Structures are given as C-alpha cells and as structure tokens.
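Tertiary structure, described
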Amino acid sequence: EEVNFPKIEEHGGRVIKTTGDGFIVEFGSATAAVRCAVEILRGVIELESGQADADRIRFRIGIHVGDILIDGNDIAGDGVNIAARLESLSPVDGMCISSSVREQIRSDLGVSFEDLGERKLKNISRLIRAYAARFSDATVRMRRRRGFWTGDSRLPRWRRHCTVMSVKLKRRIK
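As a convention, each chain's residues are numbered from 1 in the sequence order in which they are written. Reporting in this predicted model follows two pLDDT cut-offs: at least 70 for local features of residues, and 80 or more for side-chain atom pairs to be given and counted; totals over whole chains, interfaces and linings ignore these cut-offs and use all residues. By convention in this description, side-chain values take in all heavy atoms of the structure and omit both hydrogens and water.

1. Notes on the environment of V38
Helix and strand definitions here come from DSSP, where helices need a minimum of 4 consecutive H or I residues and strands a minimum of 2 consecutive E residues; each element is numbered from the N-terminal end. In this structure, V38 sits in helix α2 (residues 30-47). In this structure, the C-alpha to C-alpha distance between V38 and G94, residues 56 residues apart in sequence, is 8.4 Å.

What follows is the structure in structure tokens.
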C-alpha cells in the first residue's frame, strides 16, 4: 500500500474495491492508468530490490476502457470484467491492456506493447484484442512525467465510460 495507493491518487485514480490479493481502480483516462501502472511496478521493484526472488511481491495488471455501472461504492459491468480477465493474461511484473486502451494512449510512455491477438475471455461474449507489456530495467527506472489529463468529473455517476485497472499481487505467481 505504501507504493500503490499514493500513486493511484497522484494519477487521478480511485480505488473502488480491494479483494485481499488485489484491487480495482477507476481512472478518467487510459494514459493516466498506464502511467500509474508503470510507476506502481517501478516502485514495487525498487522497494523489493533487496528481497530474494521467491520473497518478492509480484504484480499483474489488466487495464481496459469501457462502460461500467456504478452501484453505490462498487462498480460492475464489462469494463470491470474485461480488466480482470486481462490481468490474468498479464506477464508477471507487467500489464496487459485492451485495444481500447492502446488506441487512446497518445504519448510515449516508454513501454512497448506486444500484440497478443484477439482473445476469448471468460464470460465476455466478444473477442478482445490484448496487448502485453514487459518492462525492461530502463522502463522501470524511467523518469516520472507530468501534465496529463486525469478525467472529467462532469460525466454522469450512474454510468460512465472510464478506464478500469485490475491488479493482482502475490508473493509468488506461477
């Protein structure tokens, strides 16, 4: 939490739900979500650098832009489900994004994405094109960049098109 939650807030994200070994976050923009993911991964790698590989906290992150339904303090819908399914496709200490995220990233974030093709995701009726990012040491150490759009609070609260990040963390991910 000492790395994750401050970075999420700094990038305009809002933690919606924690699940014991993970959390769901909403962002106002795809760029903010991807930048936040890079900084979280960089921060955790730096924090855990003195640990043996078997003892390190390992992350997988999935990011998708789509419609969500807001139910009180919770969110649901395909936007959340797709982000969670993409997280399971992610490489360890990396992220997997949907084509809707890839299309909206306008600036160079220092991350290259590998096209994984269209994937059938559990409980999703359509195929989703997925992209995986693997972080090199240089990317993980990249300098923080400022000046990005973090959202528009004027959008209706009952339903909005937004970026959802699903994160899973464990001591060991197979």
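2. Observations concerning the nonpolar core
Membership of the largest hydrophobic core comes to 28 residues, with the highest contact counts inside it found for V34, I63, M95, I97, V101 and F113. Those elements giving two or more residues to this core turn out to be β2 (22-27), α2, β3 (58-71), β5 (94-98) and β7 (127-133). Counting residues per element, this core draws most heavily on α2, at 10 residues. Sequence-distant contacts of F113, defined by excluding residues within four places in its chain, comprise V34, I97, R102, I105, Y131, A132 and A133. Counting eight residues, the second-largest nonpolar core is a separate cluster that includes I16, I75, V80 and A83. Buried Ala, Val, Leu, Ile, Met, Phe, Trp, Tyr and Cys residues that are joined via side-chain atoms within 4.5 Å together make up what is termed a nonpolar core. Only protein chains enter the accessibility calculation, which uses a 1.4 Å probe; a residue is then buried when its area is under 20% of its type maximum, exposed when over 50%, and partly exposed in between. Between two residues, a contact is recorded if the distance between any of their heavy atoms is within 4.5 Å.

3. Things to note about the packing of aromatic side chains
A pair of Phe, Tyr and Trp rings is counted when the ring centres sit within 6.5 Å of each other, with Trp represented by its six-membered ring. The angle between the planes then sorts it: under 30 degrees is stacked, over 60 is edge-to-face, the rest tilted. A full pass over the atoms with the stated rule returns one aromatic pair. A ring pair is formed by F5 and F23, whose centres lie 5.4 Å apart and whose planes are at 80 degrees; its orientation type is edge-to-face. Of this pair, F5 sits in helix α1 (residues 4-10) while F23 sits in strand β2, and the two are 18 residues apart along the sequence. With relative accessibility at 25%, the residue F5 sits in the partly exposed group.

4. Considering α2
Within an α-helix, residues lying three or four positions from one another point in the same direction, as the helix has 3.6 residues per turn. One less than the residue count of a helix, multiplied by 1.5 Å, gives the span that helix is expected to have. For α2, with 18 residues, the first-to-last C-alpha span of 26 Å sits near the 26 Å given by 1.5 Å per residue. Most of α2 sits out of view: 15 of its 18 residues are buried. Definition of a polar contact: a pair of N or O atoms within 3.5 Å, with one able to donate and the other able to accept a hydrogen when the atoms are protein atoms, and with sequence-neighbouring residues admitted only if both atoms are side-chain atoms. The opening residue of α2, the one whose side-chain oxygen lies 3.0 Å from the backbone nitrogen of A32, is S29.

5. With respect to the side chain of S100
Here S100 lies in helix α4 (residues 99-104). A polar contact of 2.8 Å, which involves the side chain of S100, links it to the side chain of S98. Look past the residues within four positions of S100 in its chain and what remains in contact with it is H64 and V65.

6. Quick word on the pairing of β2
Counting buried residues along β2, six of its six residues qualify, which places the element largely inside the surrounding structure. Residues of β2 alternate between two faces, with G22, I24 and E26 on one and F23, V25 and F27 on the opposite face, all of them buried. In this scheme, strands are said to pair when DSSP sees at least two bridges between them. Taken together, the four bridges between strand β1 (residues 14-18) and β2 define a ladder with antiparallel strand orientation. The residue bridging R14 from the neighbouring strand is E26, located in β2. Where β1 folds back onto β2 in an antiparallel hairpin, the turn is made up of three residues, including G20, whose phi is positive at roughly 90 degrees.

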